[in-house]
Every structure is written in C-alpha cells, then in structure tokens.
Amino acid sequence: MYKVHFKDSTATVTLDAFRRQDGAEAAISVEELPYQWPPAPLAVSFEPEKPAAAAVGLPEFPDGGLQAWSVVIGAVFMSFATFGWVNSFGVFQTYYQENTFQDQSPSNIAWIGSAQYGFIFVPALFTGRLLDLGYYNGPLAISSVIYVVSLFLVAECTTYWQVMLCQGVATGLFAGMLFGSTPAIVSHWFLKKRSQAFGVLAVGSSIGGTVLPIATQHLFGKVGLKWSIRIMAFVLTFAVLIANLLLRPRLPPSNVKGGIFNWTAFKNPAFTCCVIAYNVTLLGLYVPLIYLDLSGQDGGLSPNFTFYTISIANCASLIGRLSSGVLADKYGALNTLIPFTLVGAIMSFAWPFATSQVAPLVVVSIIYGCATGAFVSLIPSAPARLGGMSDAGRRIGMAITAMSFGAAGGPPLAGVIRTKSGGFDDVGLYSGGVILLGCILLAVTRRLALGKWTGKF
C-alpha cells in the first residue's frame, strides 16, 4: 500500500509492508542487504535541495574540512605513538641479542617483538564494540595512562621475562587499546576519501618507525638502555596526549545485535576470506623488518650502517601509505593492495641475497618498505566495505584482532628457521612464500565480494 503526502513542495512516499491474503505481513529484513546502514524506516523523501544519499536515510560524511582532518591528525599522532614504536623493535632485537640477553636465542628474543606485534591487534575487538556503543574517550584516557606507565616500566626490567611481560605484552596490549578503534573513528568522518584518510593515518607509524629507531640507537651509546627507554617514553607520552585531544567520534551509538563478537559477519565469505588472507600475509610481512639489521651484520656490513635499514624501510613505507590511499579511492582498496603485497613478497624473496652489499640492501629495504606501508594503510578498508557503518567499529575490530595470530607467529617461526638453517636464505623463502599465498587469498576475497574477477573493490 502506498501513501503519498504533499507538504511544502516535498513529496514523501511511505511503503507499507505488503500483506498476504491471509493477513500476515511479509517479512522485510535490512539485515539481508549486502551493505547495511543503521536501521531506518522504509521511507523515501525527495527534497530537491538535498543530496540523494540523505534522501534514503544514509548518514552524511564530511569527507573533509577542519574538524575531519584534525581527527586524522590525531590519528597520525596515535599511529606514531603505537605502531611507530612497535615497528622500531628491530633495533632492540639487535641490542638485546648482542648485550642484554646474550644467553637467549634469536628466536626467544624475537618473541618479545612478536608479542608486541600480536597483542597490538587483540584489543581492537573490544574497542571497536565499545565505540559502536558510544564509549570512546573515557576508555581511551584510561588506556593512555596505563600505556605510558608500561613504557616507563620497561626501563626498570632486569630479566628476560620482565622485559617480555612489560615491553612485549603490556605495551603491545595497551598500544592496541589506543589504536584499535582509531581507523573506525576516521571512518566516521570520511566515505569517498576514506582510503586516502587511512593512508594519512598510517603516516604516523611510518614517521615513528623511521625516527624512533635512529634516536634510540644513538641514545644507547650516550645514555644507556634505561635512559634511552625513558626519553622515548616521554616523547610517546606527548604524542598520546595530542591524540587524546583531537580524536572524537561523530556518529551516534548503535547497539546492533551480536555482542562483542558478531559471528554473523563471518557468514559473508568475502569477510572470512579477507581475515584469513590478512593472517597469512602477516606471517611473513614483518619478518624482514625485524631481521634487516641482523642479516646485514651477518652479511659482513658494518653495524653503524645496518641499523639504519630499519629506518630506511619505515621511511619508504610513507610513500606506500600515501600513494596507496589515493590509488585505493580511485581503483579500489583490494585492487591496490594486491599488487603492493605482491611486490612485498618479491622483495622478501630477494632480501637474503642482498645482505652483503650496501646498495642492494638499501634498494630492497626501500621497495619492501613501500609495499608494507601500503598493506598497513589499507588493512581497514576492505572490512569497512563489507558491511554497514552501524557495525563498522566491531567489524574492523574483529578483523584486526584476528590478525594477531599471524603477526605474533611470523617472527618466531622465522627465528627458528634461521637457527636451524644457520642463515637467512630459508627465512626469505618462508617470508616471501606466505606473503605470496596471502596475495592469492586477497584475490579470492575480491572475487567473492564482487562475484567476478574484475571490477572496483
């Protein structure tokens, strides 16, 4: 049945549910739509002065402006203070192995960095759900305090297990509490330019991963391990404070069904395949970043140069992060992510054969950094598209949390391979192989999402 009302040149058409002859109402469920928006009445209003998106009850996105971009700047500071610090662990891997924990194997030391890489993804599930329910700035402030305290406590650790618990578990976990819902906050403010905004967001981790290892390495020689960590903790505290002041959600709370973990999302085969692809890729993606310094020293290069390779890779990732965001908005997130990730696989294969000379190692580090930067930048893009904004925080959180298995397992597995083989050739084969498999799974994800092998996604 149709009801038409005219008021001030505005036509409103209301669609009542059709009734069967027996009087029962036909079931109409927006949950069955491929892209779910917050529940709205089945009504269509046409007002000439408003865009079509508003006409069907879809939320409007600023896609720019001072307030929107200030949120992105806050996300950059948060990315700097969390992923930027975690991406700097390679300098600690070398220092711990050569000084503090000479009695520990490279694999055991790598577990500290792997714990950081793994735990930083875990809280996204909880923070995303809290964001959907309207809780953000309070939990953010509490997590910020605990994160800062854990950073300072690392300087007081004296044993391997103390460092593992403090630097590996605590800083990784609460870095994840801070960063977990940051991509979802950015997605509140951007739609058409969302991938571009994600690219700018990820610039923070690139800058942090470039500056922090160099600064830490120089501080090691001047003030020692403890004060190096304390100074870096003061720097990260400032960045976290700025992020707390700028990050603000925009959309109203949406208590969608499903609890903290929404199994319904995994009924979408594209979303499930995407999560698996992310995990498989991360089993190898961070391996070269952690071992670039050590592999260069094993190849006969000077330690005074090799520690810069981590910063070179992180600095080069800035190119991948920014360019991938622009390309993803034009050609599609997965259409951009797949080629970049494929290049990362090729560089992982080539890396062990470039460790004996400066120029080849620098070239590999730069190209590898560009590829990994693109991957990290575009992680939230596909999960964000595979559903509606009412559930975006939880869905992105689930995807990021699930990635913790791959992020945590990759470097220790590489450490075991290196110990057994006595070199990095097999490590490169392992790293490149799993990244290549991840590329194939990402291509399958696109096929499942589009229903065909070609198209923008």
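Calculation criteria
Residues numbered from 1 in each chain as written. Predicted model: local features only at pLDDT ≥ 70, side-chain atom pairs only at ≥ 80, totals over all residues. Heavy atoms only, no water. Helix = DSSP H or I, 4+ residues; strand = E, 2+ residues; numbered from the N terminus. Buried < 20%, exposed > 50% of the residue type's maximum accessible area, 1.4 Å probe, protein only. Contact = heavy atoms within 4.5 Å. Areas by Shrake-Rupley, 256 points an atom, 1.4 Å probe, with all protein chains shown as cover. Polar contact = N/O pair within 3.5 Å; in protein donor to acceptor, adjacent residues only side chain to side chain. Expected span 1.5 Å × (residues − 1). 1 Å grid on protein atoms, 1.4 Å probe; cavity = no way out; pocket = protein on both sides within 12 Å on 5 of 7 lines; lining within 4 Å. Points joined across faces, edges and corners; volume = space filled by probe spheres on them. Nonpolar A, V, L, I, M, F, W, Y, C, P; charged D, E, K, R; others polar. Phe/Tyr/Trp six-rings, centres within 6.5 Å; stacked < 30°, edge-to-face > 60°. Disulfide = S-S within 2.5 Å. Axes fitted to C-alpha atoms, helices over the stretch in contact; angles between N-to-C directions. Parallel < 35°, antiparallel > 145°, perpendicular 65-115°, else oblique. Left-handed = near helix turned anticlockwise from the far one by under 90°. Bend = angle between axes of the 7 residues up to and from the residue. Salt bridge = Lys/Arg side-chain N within 4 Å of Asp/Glu carboxyl O. pLDDT = per-residue confidence, 0-100. Patch = residues over 30% accessible without salt bridge, like charges linked within 9 Å, V, L, I, M, F, W, Y side chains within 5 Å.

## Let's talk about the overall build of the chain
And then number 1: Of the regular secondary structure elements, the chain holds 21 helices and 3 strands.
And then number 2: Taking all 457 residues of the chain together, 54% fall into the buried category.
And then number 3: Considering only residue pairs separated by 6 or more positions, the chain has 81% of its internal contacts joining residues 24 or more positions apart.
And then number 4: Accessible surface, the chain as shown: approximately 19,200 Å² in total, 68% of it carbon and sulfur.

## A look at the side chain of Thr-216
And then number 1: Mapped onto the elements of the fold, Thr-216 is located in helix 11 (residues 203-246).
And then number 2: Accessibility expressed as a relative area gives 1% for Thr-216, which makes it buried.
And then number 3: Here the side chain of Thr-216 touches Leu-212 through a polar contact of 2.7 Å, landing on its backbone oxygen.
And then number 4: Not counting chain neighbours up to four residues away, the residues in contact with Thr-216 comprise Trp-85, Val-91, Phe-92, Ser-228 and Met-232.

## Some remarks on helix 20 (residues 404-421)
For an α-helix, 3.6 residues make a turn, and residues three or four places apart therefore share a direction.
And then number 1: Taking 1.5 Å of rise per residue, 18 residues should cover 26 Å, and helix 20 covers 26 Å from first to last C-alpha, within 8% of that figure.
And then number 2: All of the buried residues along helix 20 are Ser-404, Gly-406, Ala-407, Ala-408, Gly-409, Gly-410, Pro-411, Pro-412, Ala-414, Gly-415 and Arg-418.
And then number 3: Phi turns positive, to about 80°, at Gly-422, one or two residues after helix 20.

## What about the environment of Leu-442?
And then number 1: Looking at where Leu-442 falls in the secondary structure, it is placed in helix 21 (residues 425-450).
And then number 2: Classification of Leu-442 as buried rests on a relative accessible area of 0%.
And then number 3: Separated by 169 residues in the primary sequence, Leu-442 and Cys-273 place their C-alpha atoms 7.5 Å from one another.
And then number 4: With sequence-adjacent residues up to four places away left out, Leu-442 is seen in contact with Ala-277, Tyr-278, Leu-334, Leu-337, Ile-338 and Thr-341.

## A look at empty space enclosed by the protein
And then number 1: For the structure on display, the rule yields 3 cavities of 30 Å³ or more.
And then number 2: The computed volume of the largest cavity comes to approximately 140 Å³.
And then number 3: Residues that form the lining of the largest cavity fall into these classes: 12 nonpolar, 3 polar and no charged.

## Regarding the packing of aromatic side chains
And then number 1: Throughout the structure, instances matching the rule amount to 17 aromatic pairs.
And then number 2: Centroid distance Phe-101 to Tyr-160: 5.9 Å. Interplanar angle 85°. Geometry classified as edge-to-face. Taken together, the residues Phe-101 in the loop between helix 4 (89-100) and helix 5 (106-119) and Tyr-160 in helix 8 (residues 160-179) connect sequence positions 59 residues apart. Each member of the pair, Phe-101 as well as Tyr-160, carries the same accessibility label: buried.
And then number 3: Residues Tyr-117 and Tyr-286 carry aromatic rings whose centres are separated by 4.4 Å and whose planes lie at 15° to one another, so their mutual orientation is stacked. On the criterion of sequence distance, the pair formed by Tyr-117 in helix 5 and Tyr-286 in the loop between helix 12 (269-285) and helix 13 (287-298) is long-range, its members being 169 residues apart.

## Some details on the environment of Ala-197
And then number 1: Along the chain, Ala-197 falls in helix 10 (residues 194-201).
And then number 2: What makes Ala-197 buried here is its relative accessible area of 0%.
And then number 3: For the pair Ala-197 and Val-326, spaced 129 residues apart in sequence, the C-alpha separation works out to 8.9 Å.

## Brief notes about the state of the cysteines
And then number 1: Applying the stated criterion across every chain, the model contains 0 disulfides.
And then number 2: Free cysteine Cys-315: the closest other cysteine sulfur is in Cys-370, separated by 9.3 Å.

## Quick word on the packing of helix 15 (residues 308-331) against helix 17 (residues 358-378)
To describe two helices that pack against each other, one gives the angle between their axes and the distance between the axes.
And then number 1: Contact geometry for helix 15 and helix 17: axes closest at 6 Å, N-to-C directions at 45°. By the angle between their directions, the pair helix 15 and helix 17 is classed as oblique. Where helix 15 crosses over helix 17, the two elements pack in a sense that is right-handed.
And then number 2: In terms of residue class, the contact of helix 15 with helix 17 is built from 13 nonpolar, 9 polar and 1 charged.

## Some remarks on helix 5
And then number 1: The end-to-end C-alpha distance of helix 5, which contains 14 residues, comes to 20 Å, matching closely the 20 Å that a straight helix rising 1.5 Å per residue would cover.
And then number 2: Taking the largest bend as the criterion, helix 5 deviates by roughly 30°, centred on Ile-112.
And then number 3: In this structure, the buried residues of helix 5 make contact with helix 3 (83-86), helix 4, helix 8, helix 13 and helix 20.

## Comments concerning the pattern of salt bridges
And then number 1: Scanning all chains against the criterion turns up 2 salt bridges.
And then number 2: For the salt bridge of Glu-156 with Arg-230, the shortest nitrogen-to-oxygen distance reads 2.8 Å. Taken together, the residues Glu-156 in the loop between helix 7 (137-154) and helix 8 and Arg-230 in helix 11 connect sequence positions 74 residues apart.
And then number 3: You can call Arg-230 buried: its relative accessible area is 17%.

## Notes on the confidence of the model for the chain
And then number 1: For the chain, per-residue confidence averages 80 on the pLDDT scale, and 85% of positions sit at 70 or higher.
And then number 2: Looking across the chain, the model is least confident in strand 3 (residues 43-46), with a mean pLDDT of 28, and most confident in helix 7, with 93.
And then number 3: Predicted confidence for residues 1-58 stays below pLDDT 50, and this span has 59 contacts to residues more than four positions away or in other chains.

## Remarks on a nonpolar patch on the surface
And then number 1: Taken together, Leu-342, Ile-346, Phe-349, Leu-429, Leu-436, Leu-437 and Ile-440 make up a surface patch of nonpolar side chains, about 590 Å² in accessible area.
And then number 2: For the nonpolar patch, the element with the most residues is helix 21, which contributes 4 residues.
And then number 3: Within the fold, Leu-437 resides in helix 21.
And then number 4: Here Leu-437 falls in the partly exposed class, since its relative accessible area comes to 43%.

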